[in-house]
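# Architecture and fold: a report
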Amino acid sequence: MSEGTMQRRVERDQRAKRLNRVLVCAAAVPVMLVAAGCSSDSGSGDSTDKAAKAGASASASSSPSPTVQAAAYDKLPEPCKALSKKTLKDLVPKGKSGKEGKSDDISTRASCSWDSLDNNGVKGSQFRWLNVSMLRFESDVARGPADKLAQEYYEKQVQEAQAAEGAKGVKSEPVAGTGDQATAVHYDLKKKEGTFKQQTIVARVENVVVTLDYNGAGLAGDKTPDEGDLLKDAKKAVKEAVEAVSTANGKGGGTADSAPSGAASESSKPSKSPSKSASEEASDDSSKDASASPSKKPASKS
C-alpha cells in the first residue's frame, strides 16, 4: 500500500470520529434543554400556588366582620307613666289607673290603656278611650339598623290605620314637632251605640315607634264630641309619650308629669351591644300591637 493511500485512510478515520462526536453532542443538547425546562416549570408552578394561597389567607384574615350602627335607645318608659296626670285628666276625666298591656319584654314592647265614662243619666253620657303603645327595635346585622326597621314599622302602622275596617271619612295629616316623624289619622266609626270619633297618631323617635289611639263618643243620646278637640288632645298626648321615651334614655326636656312641650331631636348614647333577638321580637309579631286597633276598641268599651 502506497504512502498516499495510507494518508487518505487516516484522514477518513479522523473525519469519521469528529462526525460521531458532533452527533453525540447534538443528541445530548435537547435532553439537557428538556430537563432544564421541566425543572423551571415545576418551580414556577409551586411558587405561583404558594403566592395565591398566601394572598387568599391574607385577604380572609383582613376582611372585617359585618357591622351595623347600634340602636340609639335601649329602653322604654313605664307605659302607664308616659303621660302626665294633667293630660290624663283632660283626655279621660273619669278614668282610673291605666291598664298595662302584657309583654314578654317591657324594654322592647309596652302599652297602657285608660277609659272614661261620664254618665249624665237621662241626658246620656260621654265615653273616652285612650291607648299608648311603644315598640322599640334593635339593630341587626342581617336586617339593618334599628332606626330603619322602626321607620318601616312606622309606615306600616300608618297604612293600617288608614285602612281600618269600618272607617268613614278617613283623613291623614303630618304632625309637626313630634319625634323624627309623625302622622295623624282620624275618621268616624258608626256603631249602634253612637258615632265614635277615632284619632290615631303614629310617631317615630329614633328606633322607637309610639302609636296613640284616642276615641270618644256621645252615648245614649248625648252629643258627639268635636273631632278637632279630640285631635288636639291626641297630639298633645303623643308628644308627651315621645318625650317620655327620650327622657327614659337620658334625653329630652323633662318628665311626663312636667307636661313638656316640643319633641326630642337628639339621639341618646348608642347601646353597646345590639341584640338580634330583641329586634326579631319587636318585628316578628307586629299584629300584636293592634292592641290599639281603632276598628275594634270602641265597640268593646261602649
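Before going into details, it helps to say that this report is about the structure given with it. (Residues numbered from 1 in each chain as written. Predicted model: local features only at pLDDT ≥ 70, side-chain atom pairs only at ≥ 80, totals over all residues. Heavy atoms only, no water.)

### A look at the packing of aromatic side chains
To describe a pair of aromatic rings, you give the distance between the ring centres and the angle between the ring planes. Note the following rule: Aromatic pairing here means that ring centres of Phe, Tyr or Trp (its six-membered ring) are within 6.5 Å. Orientation follows from the plane angle: under 30 degrees is stacked, over 60 is edge-to-face, and everything else is tilted. Here a helix means four or more residues in a row that DSSP labels H or I, a strand means two or more in a row labelled E, and each is numbered from the N terminus. For every residue, the accessible area (1.4 Å probe, protein chains only) is compared with the maximum for its type, and the residue is labelled buried under 20%, exposed over 50%, or partly exposed between those bounds.
A complete count under the given rule lists 2 aromatic pairs for this structure. Consider the rings of Phe 127 and Phe 196, whose centres lie 6.1 Å apart with planes at 80°: the pair is edge-to-face. With Phe 127 in strand 3 (residues 125–136) and Phe 196 in strand 6 (residues 194–205), this pair connects stretches of sequence that are 69 residues apart. On the basis of relative accessible area, Phe 127 is assigned to the buried category, the value being 3%. Both rings, one in Phe 137 and one in Tyr 153, keep their centres 5.6 Å apart while their planes meet at 50°; by these two values the pair is tilted. A residue pair is termed long-range when its members are at least 10 positions apart, and Phe 137 in the loop between strand 3 and helix 3 (146–162) and Tyr 153 in helix 3 qualify at 16 residues.

### Focus on helix 4 (residues 227–248)
To be explicit about the condition: Between the first and last residue of a helix there are one fewer steps than residues, each counted as 1.5 Å, and that sum is the expected span. Contacts are assigned to residue pairs with any non-hydrogen atoms lying within 4.5 Å of each other. We define a polar contact as two N or O atoms separated by no more than 3.5 Å, with the added condition that, inside protein, one atom must be a possible hydrogen donor and the other a possible acceptor, whereas residues neighbouring each other in sequence contribute only through side-chain atom pairs.
Here helix 4 contains 22 residues, and its C-alpha end-to-end distance of 32 Å stays within 8% of the 32 Å for a straight helix at 1.5 Å per residue. Listing the buried residues of helix 4 in full gives Leu 230, Leu 231, Ala 234, Ala 237, Val 238, Glu 240, Ala 241, Val 242, Glu 243, Ala 244, Val 245 and Ser 246. Those residues of helix 4 that are buried are in contact with helix 2 (85–91), strand 3, strand 4 (167–174), strand 5 (181–191), strand 6 and strand 7 (208–219). The backbone nitrogen of Gly 228 has a side-chain oxygen 3.0 Å away, supplied by the residue at the start of helix 4, namely Asp 226. Once helix 4 ends, the next one or two residues include Gly 250, with phi positive near 85°.

### Some words on the nonpolar core
What counts, and what does not: Buried Ala, Val, Leu, Ile, Met, Phe, Trp, Tyr and Cys residues form a nonpolar core when they are joined through side-chain atoms within 4.5 Å.
Residues Leu 83, Trp 114, Leu 130, Val 132, Val 210 and Leu 212 are the most contacted members of the largest nonpolar core, which totals 31 residues. Of all the elements in the fold, those that place two or more residues in this core are helix 2, strand 2 (109–119), strand 3, strand 5, strand 6, strand 7 and helix 4. The biggest single contributor to this core is helix 4, with 8 residues. Excluding anything up to four places from it in sequence, Trp 114 contacts Pro 79, Cys 80, Leu 83, Leu 88, Val 92, Lys 96, Ser 97, Gly 98, Arg 128, Trp 129, Leu 130 and Val 132. Core analysis: the second largest hydrophobic core is formed by 22 residues, Phe 127, Phe 196, Ala 217 and Leu 219 among them.

### With respect to unusual backbone geometry
The backbone of Glu 206 sits at a positive phi, close to 55°, despite the residue not being glycine. Note that Glu 206 resides in the loop between strand 6 and strand 7. Overall, the relative accessible area of 12% leaves Glu 206 in the buried class. Despite not being glycine, Ala 220 shows a phi value in the positive range, around 55°. Its location among the elements puts Ala 220 in the loop between strand 7 and helix 4. Of the residues examined, Ala 220 reaches a relative accessible area of 60% and is grouped as exposed.

### Some details on the environment of Pro 174
On the secondary structure map, Pro 174 appears in strand 4. A residue is classified by how much of its surface remains accessible, and Pro 174, at 69% relative accessible area, is exposed. Taking C-alpha positions, Pro 174 is 8.9 Å from Val 185, a pair spaced 11 residues apart along the chain. Setting aside chain neighbours within four positions, we find Pro 174 in contact with Ala 182 and Thr 183.

### With respect to the sheet that holds strand 7
Defined as follows: We treat two strands as partners when DSSP finds at least two bridges between them. Angles shown run from 0 to 180 degrees and are taken between the N-to-C directions of axes, each axis being a line fitted to C-alpha atoms and, for helices, limited to the stretch in contact.
Read from one edge to the other, the open sheet built from 7 strands follows the order 1-2-3-7-6-5-4, with strand pairing classed as antiparallel. A strand with exactly one partner marks an edge of an open sheet, and here the two such strands are strand 1 (99–100) and strand 4. Running at roughly 30° to strand 6, helix 4 makes contact with strand 3, strand 4, strand 5, strand 6 and strand 7 of the sheet.

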